[in-house]
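Per-entry structural report
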Amino acid sequence: APGDSGLGARADALIDRFRIRHVADKKAGELSYGQQKLVDIAMAFMSEPDLVLLDEPCAGVNPSLVGGISTLLKDLNRQPAGTKKSSFVVIEHNMDFVMDLCHRIMVMVEGKVMAIGTPEEIRGNKQVLDAYLGA
């Protein structure tokens, strides 16, 4: 951002938080797909929103980065008292990621709600198991 926009400090903080300082001076097209995803997610937090919609944040990402994305999102959601905290709506097919990240899950099939519950409830739901989890 231009020096007078007042966004530099916020951008720097997010660059550090998302551990992408080593690529901060590169163009987005020069970054790996996983690094591009981290930049996309970090950009979503620039305005300190109340709600962030994340559409498949792990799609196409190296499996070694998936846990890091989950950890970052959990940290952002657990901001200390008195600081800005965001909630998330995550659309994701990586069920391990969803089960690790989310405390409430809605499973949909063909645009219709199949189940809503905690990760434990979803893991035990026979319809969900048959449709998605391969049991």
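Residues numbered from 1 in each chain as written. Predicted model: local features only at pLDDT ≥ 70, side-chain atom pairs only at ≥ 80, totals over all residues. Heavy atoms only, no water.

1. Quick notes on the overall build of the protein chain
Scanning the protein chain for helices and strands turns up 6 helices and 4 strands. Secondary structure elements in the protein chain, listed N-terminal to C-terminal, are α-α-β-α-β-α-β-β-α-α. Considering the protein chain as a whole, with its 135 residues, one finds that 30% of them fall into the buried category. For the protein chain, restricting intrachain contacts to residue pairs at least 6 apart in sequence, the fraction spanning at least 24 positions comes to 51%. Carbon and sulfur atoms make up 52% of the accessible area of the protein chain, which amounts to about 8,600 Å² in all. (Helix = DSSP H or I, 4+ residues; strand = E, 2+ residues; numbered from the N terminus. Buried < 20%, exposed > 50% of the residue type's maximum accessible area, 1.4 Å probe, protein only. Contact = heavy atoms within 4.5 Å. Areas by Shrake-Rupley, 256 points an atom, 1.4 Å probe, with all protein chains shown as cover.)

2. Regarding the packing of helix H2 (residues 33-44) against helix H3 (residues 63-77)
With their axes 11 Å apart at the nearest point, H2 and H3 run at an angle of 10 degrees to one another. The pairing of H2 with H3 is recorded here as roughly parallel in orientation. Contacts between H2 and H3 pair Gly34, Leu38 and Ile41 from the former with Leu65, Ile69, Leu72 and Leu73 from the latter. In terms of residue class, the contact of H2 with H3 is built from 6 nonpolar, 1 polar and no charged. (Axes fitted to C-alpha atoms, helices over the stretch in contact; angles between N-to-C directions. Parallel < 35°, antiparallel > 145°, perpendicular 65-115°, else oblique. Nonpolar A, V, L, I, M, F, W, Y, C, P; charged D, E, K, R; others polar.)

3. Looking at the nonpolar core
Formed by 30 residues in total, the largest nonpolar core has its most connected members in Phe18, Phe45 and Leu73. Elements supplying a minimum of two residues to this core: helix H1 (8-17), H2, strand E1 (51-55), H3, helix H4 (95-101) and strand E3 (105-109). (Core = buried A, V, L, I, M, F, W, Y, C linked by side-chain atoms within 4.5 Å.)

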